[in-house]
Amino acid sequence: MQSTTRPRRRAALAVGAGAALLLTAACGQQENIAEQNDDGEAAAGDGATIRFSWWGNPDRAQMTEEAVSAFEEEHPDITVETEFTDFDAYFDRLATAVAAGDEPDVITMGGAYPREYGSRGVLLDLGEVSDIIDTSAYDEAALQNGYFDETQYGIPTGVNSFGVVANPQVFADAGVDMPDDDTWSWEDYAQIATEISASTPDDVYGAEDPTQPDTLDLYADQHTGQGLYTEDGGLAITPETVTGWFDYTSGLMESGATPEASISSELMGQPNPEQTLMGQGRAGMMFAWTNQLQAFADASGDELVMLRAPGETTEQEPGQWLQASQLYTISANSGHPEAAAELVDFLTTSTAAADAIGSDRGVPAVSELREHLEPELEPVQQEEFGYIDRISELIDGDFVVGPTGSTESVPTLQRINENVLFGRTSPEEAGQQFVDEMNAAIDAGG
C-alpha cells in the first residue's frame, strides 16, 4: 500500500456503503488496552513499530514524512511505517485491511467513516489513552467531529469552517458597503446581493445561488435548533424548513440577486473554482469553505475575504461550525496503542509537525499552533487563519455526523433545486420531496 499518490459540523457526509459491508466482518474486534497489553508490547517505546495510513499526493507525502522523521527523532524507540494512496482507493483498501484484521495502527479518517468504523468496534476509545492525548489542547468544537456515542474516536488534523466568501472589489464597483457580519440577517444578505446586481454589469451578480447541503444545514440549525440530521442517525430537517429555504432562494433569483435558472443550473456542483462566478470575479458573495479561499482568490485575481454567515445573531441560534479536515484515529486492534497515541499527539500539537505540514490538512485545531504559523503565512492564508480564530470563539460547538446514506443529499438537493429554479416544482413540493427522498436514502444506507 506504499504507493505514491492523495480525501469536511454537523452534516459530515457518509460515504462508502460497500466499505461498510466489509466492516461487518470486523464487528467485535475491539479489545481494551489492558487485554492487548498482557505482554507489555503496547507500551509506548520498547522498540514499538506502528503503521500510519493516510490519503494524499507526493507533496503531502513529503510533508508527512518530514513530520514523521521529526517524531522518530523525538521518540527514538518508536518506528513509524507510513502507507498512503490516492483518495479514490484509500477507503476500499482500508475496508479490506480491516476485514482481514490487518489495519494500520493510526488511521486517517474523514466524513462519516469514523461513525461507521467506530460503531463496529474497529476504533479505539481515545479515553483509554487520555494520559497521552490531552483533548483540552484542541478547539472544543473541532473535537465534536470525532465524537459520537459518548466516545471520542478521532482527533482533528486541522479544521475548516463554512461561511460567505466575499469580493470587496465587486462591492466597491457596485458602490455597496461591506456588511457588518456580526449583525446581518438573511434579509440583509438578499438586499445587499440585489443592490450589487442592480449596480454592476449584467453579467455580474450579487451572489451565486446558495443552495447546497451545507447552507441548508446552516439555515435549518439557525431557524430550528437542529441541522439536517439527528444524533441517532435520522433526518432532523422538516418539509416546512426546506420549503422556507426554497421560498427564500426563489426570491433571490426573482429579484436578480442571483442568476437566472439556466446559469445557476450550469454552475451546480462546479468543482473548478475558475469556472464559478466568484472565480471569474463576477459575484460579490458565495457560500464556501475556508480551505477554498485560496483557489477562488487565485482564479479571480482579487483579494477575497471570509464573512460570518448571515443570521448567526438574528435567528434562534448560531448555525456555523468547525469542520475537521480529516481525523486521526487509532485501531482498537493496535498492539501499540500508546505509541500510536504519541504519534497522533505529536502530529496535531507539536510545532515541529506544524512546520512540516502547515495547513495542508486544514488550519490547526490548536490555537497555539495557529499563532506559531501565522508570521510565515501568505495574505490569503492570514485571512483563513484569522477567520478560524474568530469563528472558533463564536460557534456553539454542535456537530452531528451524517448517517450512512447522507451523501445522497448532494445529488438529491441539486436535482430538486434545479426543478424549483425552473418552476417545475413549487417550494412546498420541493420541501416534502427532499425529506421523503432523504429518509429513503438513510433507510437504505442503514
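An unreviewed UniProt entry lists the protein chain under the name ABC transporter substrate-binding protein, from Georgenia deserti.

(A) Representation of the overall build of the protein chain within the structure. Of the regular secondary structure elements, the protein chain holds 18 helices and 10 strands. Among the 446 residues that make up the protein chain, the fraction classed as buried is 56%. Summing over all exposed atoms, the protein chain offers an accessible surface of approximately 17,000 Å²; the carbon and sulfur share of this is 44%.

(B) Main features of helix α10 (residues 239–255). Across its 17 residues, α10 extends 24 Å between first and last C-alpha, which sits within 8% of the 24 Å expected from 1.5 Å per residue. On its buried side, α10 packs onto α8 (186–198), α9 (213–224), α11 (261–267), α17 (409–421) and α18 (427–445). Gly 256 sits one or two residues past α10 and shows a positive phi near 90°.

(C) Quick peek at the environment of Gln 212. By the secondary structure assignment, Gln 212 is in the loop between β7 (205–207) and α9. Residue Gln 212 is classed as partly exposed on the basis of its relative accessible area, which comes to 23%. Sequence spacing of Gln 212 and Ala 288 is 76 residues, and the spatial spacing of their C-alpha atoms is 9.8 Å. In this structure Gln 212 touches Phe 162, Phe 287 and Leu 413, once residues within four positions along its chain are discounted.

(D) Inspection of helix α16 (residues 379–392) at higher detail. Spanning 14 residues, α16 covers 20 Å between terminal C-alpha atoms, matching the ideal 20 Å at 1.5 Å per step. Within the sequence span of α16, burial applies to Val 380, Glu 384, Phe 385, Tyr 387, Ile 388, Ile 391 and Ser 392. Across the axial projection of α16, the buried residues extend over an arc of 155°, all falling on one side. The inward-facing, buried residues of α16 contact β6 (155–166), α12 (293–300), β9 (305–307), β10 (322–330) and α15 (367–373).

(E) Geometry of the packing of α8 against α10. It is at 9 Å that the axes of α8 and α10 come closest, and there the two elements cross at 20°. Taken together, the axes of α8 and α10 are roughly parallel relative to one another. As for the relative orientation of α8 and α10, their crossing is right-handed in sense. For the pair α8 and α10, contact is made by Trp 186, Tyr 189, Ala 190 and Thr 194 and by Trp 245, Tyr 248, Leu 252 and Ser 255, respectively. When the residues that make up the contact of α8 with α10 are grouped by side-chain class, the tally is six nonpolar, two polar and no charged.

(F) View of the confidence of the model for the protein chain. Residues of the protein chain with pLDDT of at least 70 account for 89%, and the chain-wide mean is 88. A low-confidence stretch, residues 1–45 (pLDDT under 50), is modelled with 158 contacts involving residues beyond four sequence positions or located in other chains.

(G) Spatial organisation of the pattern of salt bridges. A complete count under the given rule lists nine salt bridges for this structure. A salt bridge links Glu 83 to Arg 51; the nearest nitrogen and oxygen atoms lie 2.6 Å apart. Placement of Glu 83 in strand β2 (residues 78–85) and of Arg 51 in strand β1 (residues 48–55) is noted, with a sequence separation of 32 residues between them. Residues Glu 83 and Arg 51 agree in their burial class; the two are buried. Taking the shortest distance from any N to any O, the salt bridge between Arg 370 and Asp 139 comes out at 2.8 Å. With a gap of 231 residues between them, Arg 370 in helix α15 and Asp 139 in the loop between α5 (113–118) and α6 (140–143) connect regions that are remote in the sequence. In terms of burial, Arg 370 and Asp 139 fall into one category: buried.

(H) Spotlight on the pairing of strand β3 (residues 106–109). Residues of β3 alternate between two faces, with Val 106 and Thr 108 on one and Ile 107 and Met 109 on the opposite face, all of them buried. Note: β3 against β10, four bridges, orientation antiparallel. Among the inter-strand pairings, Thr 108 is bridged to a residue of β10, identified as Tyr 328.

(I) A look at the environment of Gly 158. If you trace the backbone, Gly 158 turns up in strand β6. In this structure Gly 158 comes out as buried when scored by relative accessible area, which is 0%. For Gly 158, the contacting residues outside a window of four places in its chain are Gln 323, Ala 324, Ser 325, Gln 326, Arg 361, Gly 362, Val 363, Pro 364 and Ala 365.

(J) Examining the side chain of Gln 320 more closely. Along the chain, Gln 320 falls in the loop between β9 and β10. Looking at Gln 320, its side chain comes within polar contact range of the side chain of Tyr 387, at 2.9 Å.

(K) Seen up close, the packing of α17 against α18. Contact pair α17 / α18: the axes reach a minimum separation of 10 Å and the direction vectors enclose 160°. In terms of their interaxial angle, α17 and α18 are classed as roughly antiparallel. Our pair here, α17 against α18, has a crossing hand that is right-handed. In this structure, α17 uses Ser 409, Thr 412, Leu 413, Arg 415, Ile 416 and Val 420 to contact α18, whose residues at the interface are Ala 430, Gln 433, Phe 434, Glu 437 and Met 438. When grouped by side-chain class, the residues that make up the contact of α17 with α18 number six nonpolar, three polar and two charged.

(L) Summary view of the packing of aromatic side chains. Summed over all chains, the structure comprises 25 aromatic pairs. Residues Phe 87 and Phe 91 carry aromatic rings whose centres are separated by 5.9 Å and whose planes lie at 85° to one another, so their mutual orientation is edge-to-face. One end of the pair, Phe 87, and the other, Phe 91, are both in helix α4 (residues 87–99), four residues apart, so they sit about a helical turn from each other. Here a set of aromatic residues connected by ring pairs shows up, and it is made of Phe 162, Trp 184, Trp 186, Tyr 189, Tyr 219, Trp 245, Tyr 248, Phe 287, Trp 289 and Trp 321.

(M) Structural context of unusual backbone geometry. Unlike most non-glycine residues, Asp 149 shows phi in positive territory, near 50°. Position of Asp 149 relative to the elements: it lies in the loop between β4 (147–148) and β5 (151–152). Positive phi outside glycine occurs at Glu 150, with the angle close to 60°. Along the chain, the position of Glu 150 falls in the loop between β4 and β5. Glu 150 sits in the exposed class, given a relative accessible area of 72%.

Here is what the cut-offs are and how they apply
- Residues numbered from 1 in each chain as written.
- Predicted model: local features only at pLDDT ≥ 70, side-chain atom pairs only at ≥ 80, totals over all residues.
- Heavy atoms only, no water.
- Helix = DSSP H or I, 4+ residues; strand = E, 2+ residues; numbered from the N terminus.
- Buried < 20%, exposed > 50% of the residue type's maximum accessible area, 1.4 Å probe, protein only.
- Areas by Shrake-Rupley, 256 points an atom, 1.4 Å probe, with all protein chains shown as cover.
- Expected span 1.5 Å × (residues − 1).
- Contact = heavy atoms within 4.5 Å.
- Arc of directions from axis to C-beta.
- Axes fitted to C-alpha atoms, helices over the stretch in contact; angles between N-to-C directions.
- Parallel < 35°, antiparallel > 145°, perpendicular 65-115°, else oblique.
- Left-handed = near helix turned anticlockwise from the far one by under 90°.
- Nonpolar A, V, L, I, M, F, W, Y, C, P; charged D, E, K, R; others polar.
- pLDDT = per-residue confidence, 0-100.
- Salt bridge = Lys/Arg side-chain N within 4 Å of Asp/Glu carboxyl O.
- Pairing = 2+ DSSP bridges.
- Polar contact = N/O pair within 3.5 Å; in protein donor to acceptor, adjacent residues only side chain to side chain.
- Phe/Tyr/Trp six-rings, centres within 6.5 Å; stacked < 30°, edge-to-face > 60°.

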